[in-house]
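Results of the structural survey
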Amino acid sequence: SQELEQSPQSLIVQEGKNLTINCTSSKTLYGLYWYKQKYGEGLIFLMMLQKGGEEKSHEKITAKLDEKKQQSSLHITASQPSHAGIYLCGAVALTGTASKLTFGTGTRLQVTL
Amino acid sequence: GAVVSQHPSRVICKSGTSVKIECRSLDFQATTMFWYRQFPKKSLMLMATSNEGSKATYEQGVEKDKFLINHASLTLSTLTVTSAHPEDSSFYICSARDPTKTADTQYFGPGTRLTVL
């Protein structure tokens, strides 16, 4: 089965600082999702990457998928308190269960003033 | 974006009772819904895939008789935790796949926090 490891597990940054969260897969990724979760709430879709080398941005968040499609990074520029939460990467199984998502271990982000 | 609701958002029950959690897709028809469980400070674990009009597919280690799933319509899936015990206390989240969108697009509900006393 596919395993996703995220690093770091938790992160505390000062407002205005940049940060990067990594997601590493044990297998080649067919599709990689990034979600954000506020404590005790559902998941908010951020971005989805499929092609090797692909990079997408939304506001101050940029996600990349490496050429080998086994690692993705999420970069936040000039962090704000609203960025605080749990960031989860999710991978899609390649065949047979195309819609089945396996989630990473999660990264808890705190942004201090 | 698409909206998925869950009800109730929080439930507290006594040990031994059964609890039903509803997951609804509000503006699209979902042939497939998923149920996840999340422990404190942990990631989401897929419990089962709910298919409209057929039996749910359970992940390894998930008890079918403990967690009953019914997907009676294209907009509603229910998860019933039978004879709940304190170890069943958790955050349960559902997601629904919109068949008209990219095959792997899932929309998540806000979650239900279950506390079993």
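Turning next to the layout of surface pockets. The space that makes up the largest pocket amounts to roughly 1100 Å³. If you go around the largest pocket, you meet 41 residues; those closest to its centre are Thr 102 and Phe 103 of chain A together with Leu 44, Met 45 and Leu 46 of chain B. Looking at the lining of the largest pocket, the elements with two or more residues in it are strand E9 (85–92), strand E10 (101–103) and strand E11 (107–112) of chain A together with strand E4 (32–38) and strand E5 (44–51) of chain B. When grouped by side-chain class, the residues that make up the lining of the largest pocket number 16 nonpolar, 14 polar and 11 charged.

With that settled, consider the pattern of salt bridges. Residues and elements named next belong to chain B. All chains considered together, the criterion is met by four salt bridges over all chains. Between Asp 88 and Lys 66 there is a salt bridge; the shortest N-O distance is 2.7 Å. On the criterion of sequence distance, the pair formed by Asp 88 in the loop between strand E8 (76–81) and strand E9 (90–97) and Lys 66 in the loop between strand E6 (57–58) and strand E7 (67–73) is long-range, its members being 22 residues apart. Among the residues examined, Lys 66 registers a relative accessible area of 11% and is labelled buried.

Cut-offs used in this document
- Residues numbered from 1 in each chain as written.
- Chains lettered and ligands numbered in written order.
- Predicted model: local features only at pLDDT ≥ 70, side-chain atom pairs only at ≥ 80, totals over all residues.
- Heavy atoms only, no water.
- 1 Å grid on protein atoms, 1.4 Å probe; cavity = no way out; pocket = protein on both sides within 12 Å on 5 of 7 lines; lining within 4 Å.
- Points joined across faces, edges and corners; volume = space filled by probe spheres on them.
- Helix = DSSP H or I, 4+ residues; strand = E, 2+ residues; numbered from the N terminus.
- Nonpolar A, V, L, I, M, F, W, Y, C, P; charged D, E, K, R; others polar.
- Salt bridge = Lys/Arg side-chain N within 4 Å of Asp/Glu carboxyl O.
- Buried < 20%, exposed > 50% of the residue type's maximum accessible area, 1.4 Å probe, protein only.

The quantities given are spatial measurements derived from coordinates; they are silent on function.
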